[in-house]
Amino acid sequence: MIKIAICDDNPAFTGTIQTYLDQIAEEYHLSLESSIFLSGSTLVQDYQNGNCYDLIFLDIEMNGMDGIETARAIREQDYHVLIVYISSHEEYLRQLFEAEPFRFLKKPVAYEDFLSIFLQAQKRILAMQNNYFCFRSGKNLSKVLCKDILYFESAGRKVILHTQRTTYEFYDKLNHVEESLKDFPFARIHKAYLVNIDNVASFQYERLALTDGTILNISEKNRPKLRNEFWHYFRKED
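Residues numbered from 1 in each chain as written. Predicted model: local features only at pLDDT ≥ 70, side-chain atom pairs only at ≥ 80, totals over all residues. Heavy atoms only, no water.

Further remarks concern the layout of surface pockets. Roughly 600 Å³ of internal volume is contained in the largest pocket. Gln 77, Lys 143, Val 144, Thr 166 and Tyr 168 are, among the 24 residues lining the largest pocket, the residues nearest its centre. For the lining of the largest pocket, the secondary-structure elements that each account for two or more residues are β6 (132–137), β7 (140–145) and β10 (167–171). Tallying contributions element by element places β7 first for the lining of the largest pocket, with 5 residues. (1 Å grid on protein atoms, 1.4 Å probe; cavity = no way out; pocket = protein on both sides within 12 Å on 5 of 7 lines; lining within 4 Å. Points joined across faces, edges and corners; volume = space filled by probe spheres on them. Helix = DSSP H or I, 4+ residues; strand = E, 2+ residues; numbered from the N terminus.)

Let us now look at the sheet that holds strand β11 (residues 186–190). Read from one edge of the open sheet, 5 strands run β10-β9-β8-β12-β11, paired in antiparallel fashion. The open sheet has two edge strands, β10 and β11, and neither has a second partner. Averaged over all pairs of adjacent strands, the angle between strand axes in this sheet comes to 20°, irrespective of strand direction. The pairing of strand β9 (residues 158–163) with β10 spans 5 bridges and is classified as antiparallel. (Pairing = 2+ DSSP bridges. Axes fitted to C-alpha atoms, helices over the stretch in contact; angles between N-to-C directions.)

Structure (C-alpha cells):
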C-alpha cells in the first residue's frame, strides 16, 4: 500500500491527478490510497492529527498557505515523505530545495510525465517501506523509520515507542512488536524493554546507555545472552 496526498486548490486538477493514479493502479496492479486536500493548511492539519503519507503531489501556487509554506510545515513533522511539486512556472525551483523536493512537474501535467515520476517515487518508497515500523494509533496508521527508534517500552496494555524527538503510544503487546522486528537489529533486554542495537551508545553487563542518554536496566536472566549478542553484533559492524 502506498499512501498519497494530492494538494491543490483547483478541484479539476486534483481530479486529473486522481484519474492518473487510478489508471496507474489498474495498469500496474498497485494498491494505492489517495487523499485530496484543497488547501495547504488542511494537509498540515491532517499531519497534526497523526496521519502521514509516502508521497505528496503539492501545488506551489495556492491561496492561503502556498506550497512552499506547506512543505516547510510538513518537513517539521515528516522528514522522509517524498514531495513532488507542481506549478505552471519554474522560477520557484531555487526556493524549493530547502524543503527537499523529490521531483518537479510543470502544469499542464501530461500522463507520460506523471507516470515516469510516479514510478521513480514508487521504487524509492518500496525500498523505504521495508525499513519502517508501522502501527495503528486509534484510527490512524503511523510509521517510524526503524533507524530512528531508540526503544519500545511495555506499559500495561500499551506500548510506548521512543525516538530522539518524540514518543508514540499504541495498543499492542511487546512480544508482538518483537516478532514483527525479528529481521532488524532489536534486542529484548527486559520484559519491559526492546531496544534498537544501532542506537546503543555503551553497554555494560547490568545496564546500557542509548544515544540520547537514556539508561536502561538489563534483566538478570537476559544478561548472558545479551552480552554475547551485543559483542557479536558490534564486532560484525567494525
